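Single-letter residue listing:
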Amino acid sequence: MTGRAYVIAGSEATGGAGIQADLRTFQELGVYGMGTITCIVSFDPKNDWAHRFVPVDPQVIADQIEAATSCHDLDVVKIGMLGTPDTIDVVAGALERKTWRHVVLDPVLICKGQEPGAALDTDKALTAQILPHASVITPNLFESRTLSGMDAIESEADLIEAAKRIHDLGPRYVVAKGGVELPGPDAVDVLYDGQDVVVHRASKIGENRVSGAGCTFAAAITAELVKGGTVESAVGTAKSMVRAGITARLSAHTPFDVITTVAPG
Ligand code: PXL
């Protein structure tokens, strides 16, 4: 183990996404992982796998952060699903309390299958209180539209424009992910650092979304930054890892297949 990686995120009870995917990714990339749970998501098989969402009490989140940060000297943290403005208050406070070398933010506004309306208050709080602390942000297409204020992102040029607008909100590096929804044969990710645009691309594997891909991507970037990699090389490793994991996806009884955690070979 060459370093310690920390994640503040939600639990997703089927194991496909959330902190379960994060910790597997840390382990697979050879860093020691620890996590603080912000909320518990349990899909409901009796109701079309709808999201049952329970936030963790803010004091309990603060206690977990205190335990992790007192036990270990940490300088890289991944932020995943926060879920409520109260949780965002607590996590913003923790980010302010010490200096982080990197804060990798996966700006989870809603998870697959949730109503976009649920994102509105979380979106505002995340933009105001968490984004200014992020050094790396990894929005998917929906999150890029929401954060950039753009009506539509339908091409690589649109994605680059979104990355530039999100950069203006504070994060030093923006990784805007095209995923399967951006039209074209390739899964395109745009990395923008305020000066240069680097486009990472790989052919799409099917046209369906896979659960856990966004979590795995940001967690892999986090692990590589812990090990001392540059953001650009971390993004390359994360993309290879997600591609390998989607290739080796699991089918499940949920509406989405599930990514597996495979270190790039
Ligand atoms: O994939 C986004 C995501 C992140 N974190 C948690 C989730 C989900 C989607 O279901 O439940 C905890």
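Novice: Can you explain the overall build of the protein? Please cite residues and give values.
Specialist: Each helix and strand in the protein was counted, giving eight helices and 11 strands. At 17 Å, the protein has a C-alpha radius of gyration in line with the 18 Å of a compact globule built from 265 residues. On the principal axes, the C-alpha backbone points of the protein span a range of 50 × 45 × 40 Å. Across the 265 residues in the protein, those meeting the buried criterion constitute 51%. Looking at the protein alone, contacts between residues at least 24 apart form 65% of all its contacts between residues at least 6 apart. Split by element, the accessible area of the protein, about 11400 Å² in all, is 51% carbon and sulfur. Of note, the protein has its 22 positive side-chain charges centred 4 Å away from the centre of its 33 negative side-chain charges.

Novice: Give me the sheet that holds strand S2 (residues 32-44): which residues, what numbers.
Specialist: Read across the sheet, nine strands follow the order S3-S2-S1-S4-S5-S6-S7-S8-S9 without closing on themselves; strand pairing throughout is mixed. Edge strands, defined here as strands with exactly one partner in the open sheet, are strand S3 (50-55) and strand S9 (197-203). Contacts between helix H2 (residues 58-71) and the sheet are confined to strand S1 (4-12) and S2, with S2 contributing the most and set at about 155 degrees to the helix. Lying on the sheet, helix H8 (residues 231-247) is in contact with strand S5 (102-105), strand S6 (136-137), strand S7 (173-177), strand S8 (186-192) and S9; it crosses S9 at an angle near 15 degrees.

Novice: Provide a residue-level description of the nonpolar core, including the pertinent values.
Specialist: As a rule of thumb, soluble globular proteins bury nonpolar side chains together. Membership of the largest hydrophobic core comes to 44 residues, with the highest contact counts inside it found for Tyr-6, Ile-79 and Ile-130. At six residues, the largest contribution of residues to this core is made by helix H3 (residues 85-97). Ignoring anything within four residues of it in the chain, the contact list for Ile-130 reads Leu-82, Ile-88, Val-91, Ala-92, Leu-95, Leu-105 and Ala-125. Core analysis: the second largest hydrophobic core is formed by 30 residues, Ala-9, Phe-26, Val-76 and Ala-220 among them.

Novice: Account for the packing of aromatic side chains, naming residues and giving values.
Specialist: To describe a pair of aromatic rings, you give the distance between the ring centres and the angle between the ring planes. One pass over the structure, following the stated rule, counts one aromatic pair. Pairing Tyr-6 with Trp-100 gives two aromatic rings, centres 6.4 Å apart and planes at 25 degrees, and the pair type is stacked. Of the two residues, Tyr-6 is situated in strand S1 and Trp-100 in the loop between H3 and S5; the sequence distance between them amounts to 94 residues. Judged by relative accessible area, which is 13%, Trp-100 ranks as buried. Taking NZ or CZ as reference, Lys-98 lies 4.5 Å from the ring centre of Trp-100, over its face.

Novice: Quick rundown of the packing of H3 against helix H4 (residues 120-130)? Include the residues and the values.
Specialist: One can describe the packing of H3 onto H4 by two numbers: an axis separation of 9 Å at closest approach and a directional angle of 10 degrees. Compared by their axis directions, H3 and H4 come out roughly parallel. Residues Pro-85, Ile-88, Asp-89, Val-91, Ala-92 and Leu-95 of H3 touch H4, and the partners they reach there are Asp-121, Thr-122, Ala-125, Leu-126, Gln-129 and Ile-130.

Novice: I'd like a rundown of the pairing of strand S4 (residues 76-79), residues and numbers included.
Specialist: Side chains of S4 alternate between two faces, with Val-76 and Lys-78 and Val-77 and Ile-79 buried alike. Both S1 and S4 contribute to a ladder of three bridges, which runs parallel. The residue of S4 that forms the bridge with Val-7 is Lys-78. Across four bridges, the pairing between S4 and S5 is parallel. Note that in S5 the partner of Ile-79 across the bridge is Leu-105. Following the backbone out of S4, through H3 and into the adjacent parallel S5, one traces a crossover that is right-handed.

Novice: Please provide a residue-by-residue account of the pattern of salt bridges, values included.
Specialist: Tallied over the entire structure, the rule returns 10 salt bridges. Across the pair Lys-239 and Asp-189 runs a salt bridge, and its minimum N-O distance is 2.8 Å. Of this pair, Lys-239 sits in helix H8 while Asp-189 is found in strand S8, placing the two residues 50 residues apart along the sequence. For Asp-189, a relative accessible area of 6% gives the class buried. Salt bridges sharing common partners tie together Asp-44, Lys-46 and Arg-52.

Novice: Let's hear about unusual backbone geometry: which residues, and what values?
Specialist: Glycine aside, residues mostly have negative phi, and peptide bonds are mostly found in the trans state. With a phi angle near 60 degrees, Asp-48 is a residue other than glycine that sits in the positive phi range. Residue placement: Asp-48 occurs in the loop between S2 and S3. Classification of Asp-48 by relative accessible area gives exposed; the value is 69%. You will see that Trp-49, though not glycine, has its phi angle at about 60 degrees, which is positive.

What counts and how
- Residues numbered from 1 in each chain as written.
- Predicted model: local features only at pLDDT ≥ 70, side-chain atom pairs only at ≥ 80, totals over all residues.
- Heavy atoms only, no water.
- Helix = DSSP H or I, 4+ residues; strand = E, 2+ residues; numbered from the N terminus.
- Rg over C-alpha atoms; globule rule 2.2 N^0.38 Å.
- Buried < 20%, exposed > 50% of the residue type's maximum accessible area, 1.4 Å probe, protein only.
- Contact = heavy atoms within 4.5 Å.
- Areas by Shrake-Rupley, 256 points an atom, 1.4 Å probe, with all protein chains shown as cover.
- Lys, Arg positive; Asp, Glu negative; His and termini not counted.
- Charge placed at Lys NZ, Arg CZ, Asp CG, Glu CD.
- Pairing = 2+ DSSP bridges.
- Axes fitted to C-alpha atoms, helices over the stretch in contact; angles between N-to-C directions.
- Core = buried A, V, L, I, M, F, W, Y, C linked by side-chain atoms within 4.5 Å.
- Phe/Tyr/Trp six-rings, centres within 6.5 Å; stacked < 30°, edge-to-face > 60°.
- Lys NZ or Arg CZ within 6 Å of the ring centre and 35° of its normal.
- Parallel < 35°, antiparallel > 145°, perpendicular 65-115°, else oblique.
- Right-handed = clockwise from strand over helix to strand, strands pointing away.
- Salt bridge = Lys/Arg side-chain N within 4 Å of Asp/Glu carboxyl O.

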